[in-house]
Amino acid sequence: MTVAIWPQAPAGETEAARILKASLIASEPELSHPEITLDIISDIYLPERQIDLVVLYQDHRSPDKFLKTRAGHPVHSFVLVIEVKNSSPDNVRFQGASLSVRYDGHWKNATYQCDQQTYAFNNFQKASLNGDQKLRRVYTQRAIWLTQVPRASLPTLPNRSSVPVHFQDMSWLDLVSELELNKNEESPIVRGFFDSPRYHNLDTLKSKLVQEIVPTKIDLDRVNLLTEKKRFTDQKYVALLGKQLLVFSGRGGTGKTVTLLKLAIYFARQNKKCVLITYNHGLISDISKLLYLAAQEDQSLKTLPKVQTRYSFIQDTFIREFGRAAEDRMRKDIPLDFREDARLQELLGTEHLETEFDFALIDEGQDWQPEQRDLIYKMFGANRVVVAG
């Protein structure tokens, strides 16, 4: 059997990975051929985003044996990021070419979320090393999978969505027929991997994605501190969450950031999505590692927070609100040192801003400018903001 699921221990989207594996093999038995490799990797925790599923595929046979798309194009290899949505049909709708999903009473842009997962995955590729050599990233395809929605249950579908959308009864042919073709070869083909030591291949990508983080004793002590339940839930401020602005102040080293991390884990247990924003680039990797280890320790942590710098949060918000073309114009017309202010002015001038997150946790909030704080309050309301500073 060459179709494998990683990690092999249960995790948040492990069941989706198992369903996907069974569906693909049932619809295309040839995937079990020993010269075909298909790895389904779930629950990848990256500094910028948690990724639901990544599919790595390569056919090592001669080209005349390659499986084909509906249009007859051969499938050699691909890398596919899949945003998994377990919503019922009445909580799914298309708005133009974008897909929205409703949860907690609010409609969220699933297309944007999928784009962000893909962007985070590409950044992960660029940061991966092979010894002392930085490997170039390979092209990443993307898709959304509605695991609980039969195709026939939606009355109308757009001619083509901006991100391919698959349904409950997805087959191998459905999956590969939506993949983009590499048209730089003699004839169009689905190809993600090339025989070049300068680029990632299936093995280098998989090794980085499934690499187990071995915690030190200090890591374990910190995780135990963050995940303890009783002492934290006894804190009086927990009862005020969602009711008013919370501000934790004190000198450096008094535990303000630790308190934010405890809140992030508390929200994850409540299945609430939050974003932790800091200006400190060095903290992001450390925080992401601790949250990953906490998720391994406590399987109830289903929705880990996103950890971002303030700059990237504002940039992402701008792209979601005005589109990638507006961001491209911004980069072309505005010098780097002035772009954050320019994005802020345009965002603050809009009537209403939505967010995919339930709460914002702000680290080192004393260093924020008034316009930066105003943006957070406009998006979340003061009652869904917690500030340490």
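Please read these numbers as outputs of a predicted model, since none were measured by experiment.

This brings us to the nonpolar core. Counting 33 residues, the largest nonpolar core has Leu-241, Leu-261, Leu-263, Phe-267, Leu-291, Leu-361 and Val-386 as the members making the most contacts within it. Secondary-structure elements contributing two or more residues to this core are helix H5 (217-227), strand S12 (246-248), helix H7 (256-269), strand S13 (274-278), helix H8 (281-297), strand S15 (359-362) and strand S16 (385-388). When sequence neighbours within four positions are dropped, the list of residues in contact with Phe-267 reads Leu-241, Lys-272, Cys-274, Phe-359 and Leu-361. Judged by nonpolar contacts, the second largest core, of 28 residues, contains Val-75, Met-170, Trp-172 and Leu-175.

Following the sequence through the fold, Asp-52 ends up in strand S3 (residues 50-59). Buried and unpaired, Asp-52 has Lys-85 as its nearest opposite-charge partner, separated by 6.0 Å. Here Asp-52 is in contact with Glu-13, Ile-41, Ser-42, Asp-43, Ile-82, Glu-83, Val-84 and Gln-117, once residues within four sequence places are set aside.

The next thing to look at is the pattern of salt bridges. Close approach of charged atoms allows side chains with opposite charge to pair. Per the stated rule, a full pass over the model turns up twelve salt bridges. When the shortest N-O distance is used, the salt bridge between Arg-142 and Asp-115 registers 2.7 Å. Separated by 27 residues along the polypeptide, Arg-142 in strand S10 (residues 141-146) and Asp-115 in helix H2 (residues 110-127) bring together distant segments of the chain. For Asp-115, a relative accessible area of 29% puts it in the partly exposed group. Glu-327 serves as the salt-bridge partner of Arg-331, at 2.9 Å between the closest nitrogen and oxygen. Taken as a pair, Arg-331 and Glu-327 lie in helix H10 (residues 324-333) at a separation of four residues, close to a single helical turn. On the basis of relative accessible area, Arg-331 is assigned to the partly exposed category, the value being 38%.

In the predicted model, the protein carries a mean pLDDT of 86, and the fraction of residues at 70 or more is 92%. Taken element by element, the protein is modelled with least confidence in strand S8 (residues 129-130), mean pLDDT 57, and with most confidence in helix H3 (residues 172-177), mean pLDDT 97.

Moving on to the pairing of S16. Covered by surrounding structure in S16 are Val-385 and Val-387 together with Val-386 and Ala-388, the residues of both alternating faces. Note: S15 against S16, three bridges, orientation parallel. Bridge pairing in S16 links Leu-361 to Val-386. On the question of chirality, the crossover connecting S15 to the parallel S16 by way of helix H12 (residues 370-380) is right-handed.

This brings us to the sheet that holds S16. As summarised here, the arrangement of the five strands in space is S12-S16-S15-S13-S14, forming an open sheet in which the pairing is parallel. With partners counted over all chains shown, the strands left at the sheet margins are S12 and strand S14 (306-309), one partner each. Going across the sheet, the axis of each strand differs from the next one's by a mean of 20 degrees, ignoring polarity. In the packing of H7 onto the sheet, the strands contacted are S12, S13, S15 and S16, and the crossing angle to S15 comes to about 165 degrees. Against the sheet, helix H9 (residues 310-322) makes contact with S13 and S14, and its axis sits at roughly 100 degrees relative to S14, the strand it touches most.

What counts, and at which threshold
Residues numbered from 1 in each chain as written. Predicted model: local features only at pLDDT ≥ 70, side-chain atom pairs only at ≥ 80, totals over all residues. Heavy atoms only, no water. Core = buried A, V, L, I, M, F, W, Y, C linked by side-chain atoms within 4.5 Å. Buried < 20%, exposed > 50% of the residue type's maximum accessible area, 1.4 Å probe, protein only. Helix = DSSP H or I, 4+ residues; strand = E, 2+ residues; numbered from the N terminus. Contact = heavy atoms within 4.5 Å. Lys, Arg positive; Asp, Glu negative; His and termini not counted. Salt bridge = Lys/Arg side-chain N within 4 Å of Asp/Glu carboxyl O. pLDDT = per-residue confidence, 0-100. Pairing = 2+ DSSP bridges. Right-handed = clockwise from strand over helix to strand, strands pointing away. Axes fitted to C-alpha atoms, helices over the stretch in contact; angles between N-to-C directions.

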